[in-house]
Amino acid sequence: MVSYAGLEQLLAFWREHTGLVYFIATLALALVLRLAARIWSKLRPDLRGTVWVVEGLRLFSWLILLHGLTVGVHLAEWLAPFQDTARAVFIAVAIVLVARTTVRGLLVSLQRHWHRWFPAIPPTTLITFVVTLAVYTVALLMVLHQFGLSITPLLTALGIGGLAVALGVQDTLANLFAGVSITLARLIRVGDFVRLENGLEGTVRDIGWRYTTLETIQHTWVVIPNARLSQLIVINFSLPEARTLLQLPLTLPSSDSPANQLAALEQAVRTVVAEVPAALTEPPPTLRIVGLTEKGQFQVQIELWVARP
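As a starting point, this report considers the structure included with it. (Residues numbered from 1 in each chain as written. Predicted model: local features only at pLDDT ≥ 70, side-chain atom pairs only at ≥ 80, totals over all residues. Heavy atoms only, no water.)

## Section: the side chain of threonine 183
Next up, step 1: With respect to the secondary-structure elements, threonine 183 resides in helix H6 (residues 170-185).
Next up, step 2: A relative accessible area of 5% places threonine 183 in the buried class.
Next up, step 3: Of note is the side chain of threonine 183, whose polar atom sits 2.9 Å from the backbone oxygen of glycine 179. (Helix = DSSP H or I, 4+ residues; strand = E, 2+ residues; numbered from the N terminus. Buried < 20%, exposed > 50% of the residue type's maximum accessible area, 1.4 Å probe, protein only. Polar contact = N/O pair within 3.5 Å; in protein donor to acceptor, adjacent residues only side chain to side chain.)

Here it is in structure tokens:
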């Protein structure tokens, strides 16, 4: 049988180490949740909602661990002077963790379902930046409120100093708003083949919050500030449709039988078009005489349609 003195010692030990025991228990539960998240991600990687389940389990593991720390600090008498500060810090960390989980879940969901939700707007890194900025801005305001900082004076201070800040980052803001304007206007989209007024041409690979990236025919990348791109004259070969008319000028050599020469050229063009996958047979290619050189040579123009620029 347990003696009364032994029972008193056990209770005294429990009262002295309750916080530590509780923290160890929450730590074990958090590890179990992390393990469950890893197993779920391995077993059901393609299941709809998997990202939210996995990120939710990871978030709960962190929240449970923070709860264990909070209770441990509350039960530790020697930490009594720091209990209020520790509680505010733990809540702020929890807010940041919730924001991070929200951002991860939203970005994965947008990546998977973007074309179904927003078929008219192509996905860009600008969208990722805006979503991340919005979520973390709300989280920052909640953290400031948690530490007793009033949001209204802060916004007033930002309004007063906003002019100085805007002057300091005016180029960045100009590129950001130009990127938003380009994305919403949908006149330049990711995947479009464009030619700029300075002669540069290529495929739009991304519209970011500062730059738009083109991939040229030589497989090199051209980085253009959004504000600069919004001021240029741009020829978009992918609008209003991807089908493009190619006009190829050609000067025929002198010949005693130009009719046979034109007929042979027309047959050669049709043969080439039939062998090129990107070339369209409907409408069929055409051959037009557009001029005559001083030496009596025919200047012709071959016109054919291709499926993409």
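Once the structure has been displayed, the description carries forward.
## Describing the pairing of strand S4 (residues 221-225)
Next up, step 1: Residues Val222 and Ile224 point to one face of S4 and are all buried, whereas Trp221, Val223 and Pro225, pointing to the other face, are not buried.
Next up, step 2: Bridge count for strand S3 (residues 211-215) against S4 is five bridges, and the pairing is antiparallel. For threonine 212, the partnering residue across the bridge sits in S4 and is isoleucine 224.
Next up, step 3: Linking S3 back to S4 in an antiparallel pair, the connection comprises five residues, with histidine 219 at a positive phi of about 60°. (Pairing = 2+ DSSP bridges.)

## Things to note about the pattern of salt bridges
Next up, step 1: In total, this model carries five salt bridges according to the counting rule given.
Next up, step 2: Ionic pairing is found between arginine 205 and glutamate 215, a salt bridge with its closest N-O pair at 2.6 Å. Taken together, the positions of arginine 205 in strand S2 (residues 201-207) and glutamate 215 in strand S3 put the pair 10 residues apart, joining distant regions of the chain.
Next up, step 3: On the accessibility criterion, arginine 205 (40% relative accessible area) is partly exposed.
Next up, step 4: Arginine 270 is paired through a salt bridge with glutamate 266; the nearest N and O atoms lie 3.0 Å apart. Taken as a pair, arginine 270 and glutamate 266 lie in helix H8 (residues 258-275) at a separation of four residues, close to a single helical turn.
Next up, step 5: A relative accessible area of 34% places glutamate 266 in the partly exposed class. (Salt bridge = Lys/Arg side-chain N within 4 Å of Asp/Glu carboxyl O.)

## Regarding the sheet that holds S3
Next up, step 1: Here five strands make up an open sheet; going across it, the order is S4-S3-S2-S1-S5 and the pairing antiparallel. The open sheet is flanked by S4 and strand S5 (234-236), the only strands paired with a single partner. Across the sheet, the axes of successive neighbouring strands diverge by a mean angle of 40°, strand direction being ignored. (Axes fitted to C-alpha atoms, helices over the stretch in contact; angles between N-to-C directions.)

## What about H6?
Next up, step 1: Taking 1.5 Å per residue, 16 residues should reach 22 Å; H6 reaches 22 Å between its end C-alpha atoms and fits that length.
Next up, step 2: For H6, every residue scored as buried is listed here: Asn175, Leu176, Ala178, Gly179, Ile182 and Thr183.
Next up, step 3: Where H6 is buried, its residues meet helix H4 (125-146), S2, S4 and helix H7 (226-231).
Next up, step 4: Of the residues trailing H6, arginine 186 is marked for its positive phi of about 60°. (Expected span 1.5 Å × (residues − 1). Contact = heavy atoms within 4.5 Å.)

## Quick word on the nonpolar core
Next up, step 1: Listed in full, the 11 residues of the largest apolar core are Ile182, Ile188, Val194, Leu196, Val204, Ile207, Leu214, Val222, Ile224, Leu229 and Leu232.
Next up, step 2: Aside from chain neighbours lying at most four places away, what touches isoleucine 182 is Leu187, Ile188, Ile207, Asn226, Leu229 and Ser230.
Next up, step 3: The next biggest cluster of nonpolar side chains, apart from the first, holds 10 residues, and it includes Leu252, Ala279, Val300 and Leu304. (Core = buried A, V, L, I, M, F, W, Y, C linked by side-chain atoms within 4.5 Å.)

## What to know about the packing of aromatic side chains
Next up, step 1: Within this structure, the stated rule accounts for two aromatic pairs.
Next up, step 2: Taking 4.7 Å as the distance between ring centres and 10° as the angle between the ring planes, the aromatic pair formed by phenylalanine 129 and tryptophan 209 counts as stacked. Here tryptophan 209 lies in the loop between S2 and S3 and phenylalanine 129 lies in helix H4, a separation of 80 residues in the sequence.
Next up, step 3: Residue classification places phenylalanine 129 among the partly exposed residues on the basis of a relative accessible area of 25%.
Next up, step 4: Classification of tryptophan 209 as partly exposed rests on a relative accessible area of 32%.
Next up, step 5: On the numbers, 5.8 Å between centres and 50° between planes, the contact of phenylalanine 193 with phenylalanine 237 is tilted. Separated by 44 residues along the polypeptide, phenylalanine 193 in strand S1 (residues 193-196) and phenylalanine 237 in the loop between S5 and strand S6 (244-251) bring together distant segments of the chain.
Next up, step 6: By relative accessible area, phenylalanine 193 is classed as buried at 14%. (Phe/Tyr/Trp six-rings, centres within 6.5 Å; stacked < 30°, edge-to-face > 60°.)

## Comments concerning a nonpolar patch on the surface
Next up, step 1: Taken together, the side chains of Val89, Val93, Phe147 and Leu149 present a nonpolar region at the surface, about 320 Å² in accessible area.
Next up, step 2: Within the fold, phenylalanine 147 resides in the loop between H4 and helix H5 (151-168).
Next up, step 3: A relative accessible area of 44% places phenylalanine 147 in the partly exposed class. (Patch = residues over 30% accessible without salt bridge, like charges linked within 9 Å, V, L, I, M, F, W, Y side chains within 5 Å. Areas by Shrake-Rupley, 256 points an atom, 1.4 Å probe, with all protein chains shown as cover.)

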